[in-house]
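Residue-level structure breakdown
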Amino acid sequence: MGFNGLARKGPVMPKFRIRDLLGMGQNIPLAAPLAGWLMAPADGPGVGLVIDPVDHMLQAPCDGVVTRVLPGSRSLTMILANGARLLLSIGTASQGLAGAGLVPHVTAGQWVWTGDPLISFDMDTFAHKTKSLLISMVVLGGTFRMSPAVINRPIASGEPLASIRPLAPPAT
C-alpha cells in the first residue's frame, strides 16, 4: 500500500509508524520538481538526477514524508512509500548563504504529495552568491536505484521523469 490510499489529515504526519505504510518492492514514479534542463549527475546513472532550473519553486517529486530539512533550508530528505530515501538539494557551495534567498514551505515530519511546494528560492541571490544553482535529486543508501531517465533535455514542472525501485535481492 502506498501513500495514495491515505486520506490527507493535515500538514503533520499522523501518529503511526512509517513502516506500517511502506509498500516494500514498489516502484515509485518521480515527477520533475521544477522546470529546467535535465542532466545526469557526475556520479553516473542510477544515483540521481540534476536539473538546471528555470523556475524558483522546488516541488515534491512524489508522495512521501519530509524527514529532515537541513539548516539554511537549501536541502531536505524524504522517505517514500517503498522505503527509499530521497535527497533534494538546491545549489552547490551555498552553505554560506545562511538561508538568504530561501523560503521553506515544509518541516520535518510533514506529509507531502507530488507537486506540493517544498522550498522557494531567489534565483538572483543564488546565481550571484553560489558556485552553482543546479538542483540535485539523489537516492540515499545502496538499496534503491533510480530508473534511467532520458537526459540532456528540457523538462516541465510535474513532468514524469523516472522511478525509484528497490535493487533486486541477491541470488541465493
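Model, not experiment: these values are computed from the prediction. (Residues numbered from 1 in each chain as written. Predicted model: local features only at pLDDT ≥ 70, side-chain atom pairs only at ≥ 80, totals over all residues. Heavy atoms only, no water.)

So, on to the sheet that holds strand β1 (residues 28-31). The strand order across the open sheet formed by three strands is β1-β14-β12, and the pairing between neighbours is antiparallel. The two strands at the open ends of the sheet, each matched to only one other strand, are β1 and β12 (144-146). Neighbour to neighbour, the strand axes of the sheet diverge by 25 degrees on average, direction disregarded. Sheet analysis places β12 next to strand β14 (residues 160-166), joined by three bridges and oriented antiparallel. By the bridge assignment for β14, phenylalanine 144 is matched with proline 166. (Pairing = 2+ DSSP bridges. Helix = DSSP H or I, 4+ residues; strand = E, 2+ residues; numbered from the N terminus. Axes fitted to C-alpha atoms, helices over the stretch in contact; angles between N-to-C directions.)

Across two bridges, strand β5 (residues 64-69) lies against strand β9 (residues 111-112) in antiparallel orientation. The partner of glycine 64 across the bridge, within β9, is valine 112. Bridge analysis of β5 against strand β6 (residues 75-79) gives four bridges, and the strand direction is antiparallel. In the strand pairing of β6, valine 69 is matched with leucine 76. Counting the residues between successive antiparallel strands, the hairpin from β5 to β6 contains five residues, one of them, glycine 72, with a positive phi of roughly 85 degrees.

This part is about the sheet that holds strand β8 (residues 102-104). The antiparallel open sheet is built from three strands, whose spatial order is β4-β10-β8. Bordering the open sheet on either side are β4 (57-59) and β8, each of which pairs with just one other strand. Geometrically, the sheet is characterised by an average inter-axis angle of 15 degrees between neighbouring strands, direction not taken into account. Two strands pair when backbone bridges link them, and β4 and strand β10 (residues 117-121) are joined in this way by three bridges, in the antiparallel orientation. If you follow methionine 57 over to β10, its bridge partner there is serine 120.

For the rest of this paragraph, the subject is the environment of leucine 30. Among the structural elements, leucine 30 can be located in strand β1. Separated by 31 residues in sequence, leucine 30 and proline 61 have C-alpha atoms that sit 5.1 Å apart.

Before going further, it helps to spend a moment on the pattern of salt bridges. Scanning all chains against the criterion turns up one salt bridge. The partner of arginine 153 in a salt bridge is glutamate 159, and the shortest N-O contact between them spans 2.5 Å. (Salt bridge = Lys/Arg side-chain N within 4 Å of Asp/Glu carboxyl O.)

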